[in-house]
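Tertiary structure, described
Read off the chains here:
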Amino acid sequence: MRINIETMNKKLTIALVAHDQRKADMVEWAIFNADTLSKHTLICTGTTGGLIKEAFDEIGVRAEIICMNSGPLGGDAEIAALVVRHQINLAIFLIDDLNPQPHEADIQMLLRQCRIHNVPIACNRYSADLMITSTLWDNDDYIPSTPRYIKFNRE
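This is a predicted model, so every value here is computed, not measured. (Residues numbered from 1 in each chain as written. Predicted model: local features only at pLDDT ≥ 70, side-chain atom pairs only at ≥ 80, totals over all residues. Heavy atoms only, no water.)

Once that is clear, we can look at the side chain of T45. Note that T45 resides in the loop between β2 (41-44) and α3 (46-59). Residue class for T45 comes out buried when judged on its relative accessible area of 3%. (Helix = DSSP H or I, 4+ residues; strand = E, 2+ residues; numbered from the N terminus. Buried < 20%, exposed > 50% of the residue type's maximum accessible area, 1.4 Å probe, protein only.)

Right, let's get into unusual backbone geometry. Positive phi is not limited to glycine here, since H86 has a value of about 60°. Position of H86 relative to the elements: it lies in the loop between α4 (75-84) and β4 (90-94). H86 gets classed as exposed once you look at its relative accessible area, which sits at 60%. Although it is not a glycine, N118 adopts a positive phi angle of roughly 60°. Within the element layout of this structure, N118 appears in the loop between α5 (104-116) and β5 (121-122).

As a further point, take the confidence of the model for the protein. Mean pLDDT for the protein: 92, with 95% of residues reaching 70 or above. Low pLDDT, under 50, characterises residues 1-5; the stretch is placed with 15 contacts to residues that sit more than four places away or in other chains. (pLDDT = per-residue confidence, 0-100. Contact = heavy atoms within 4.5 Å.)

This part covers the nonpolar core. Counting 24 residues, the largest nonpolar core has I14, L16, W29, I52, F56 and I92 as the members making the most contacts within it. At four residues, helix α1 (residues 23-32) tops the list of elements feeding residues into this core. Contacts of F56, omitting those with residues within four sequence positions, involve A30, I31, A34, L37, L42, V61, A63 and I65. Core analysis: the second largest hydrophobic core is formed by 16 residues, A15, I43, A80 and F93 among them. (Core = buried A, V, L, I, M, F, W, Y, C linked by side-chain atoms within 4.5 Å.)

This part is about α5. Every α-helix carries 3.6 residues per turn, so stepping three or four residues along brings you back to the same face. Taking 1.5 Å per residue as the helical rise, α5 with its 13 residues ought to reach 18 Å, and the 18 Å between its terminal C-alpha atoms agrees with that figure. Taken residue by residue, α5 has I107, L110, L111, Q113 and C114 as its buried positions. Down the axis of α5, the sector holding all buried residues measures 160°, keeping them to one side. Next to the buried residues of α5 lie β1 (13-18), α4, β4 and β5. Just beyond α5, the residue with positive phi is N118, at close to 60°. (Expected span 1.5 Å × (residues − 1). Arc of directions from axis to C-beta.)

Reading across the sheet, the five strands line up as β3-β2-β1-β4-β5 and stay open at both edges, with parallel pairing between neighbours. What marks the edges here is a single partner per strand, and that holds for β3 (64-67) and β5. One ladder, built from five bridges, connects β1 with β4; its direction is parallel. Looking at β4, one finds that A15 is bridged to A91. Strand contacts of α5: β1, β4 and β5, with the helix running at about 145° to β4, the strand carrying the most contacts. (Pairing = 2+ DSSP bridges. Axes fitted to C-alpha atoms, helices over the stretch in contact; angles between N-to-C directions.)

Structure (structure tokens):
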């Protein structure tokens, strides 16, 4: 079943990041959601962005895709900086949890900055589908609550 949110009016800036063993998954997800993604700005790490551009070209989908550096060459850190500057609305990060990554510190930084700055981040296709199709994007009455860090006293 293909889900297409024709009524989404808000243009989002969406970060797309995928480790090598998850790139095929990301491209397949992007093709499945191409109609929706083509209405937004996509900020990708280098190799992932190149693969998505190529896949979109093959199926005739035009999209604004901006490529950062490859993840191990600082792309994850570049996207984290955009998160800090509130220039990313949603992040999809398909992580290879089965293999060590040479840039683990950058990966953790990106995940942490999304949590701190309240940017929704999906780390699997199911949560990505739920987030990209949410009707809350266009609900002017919905205001995401700011994360609160309050000391908990166990006494």
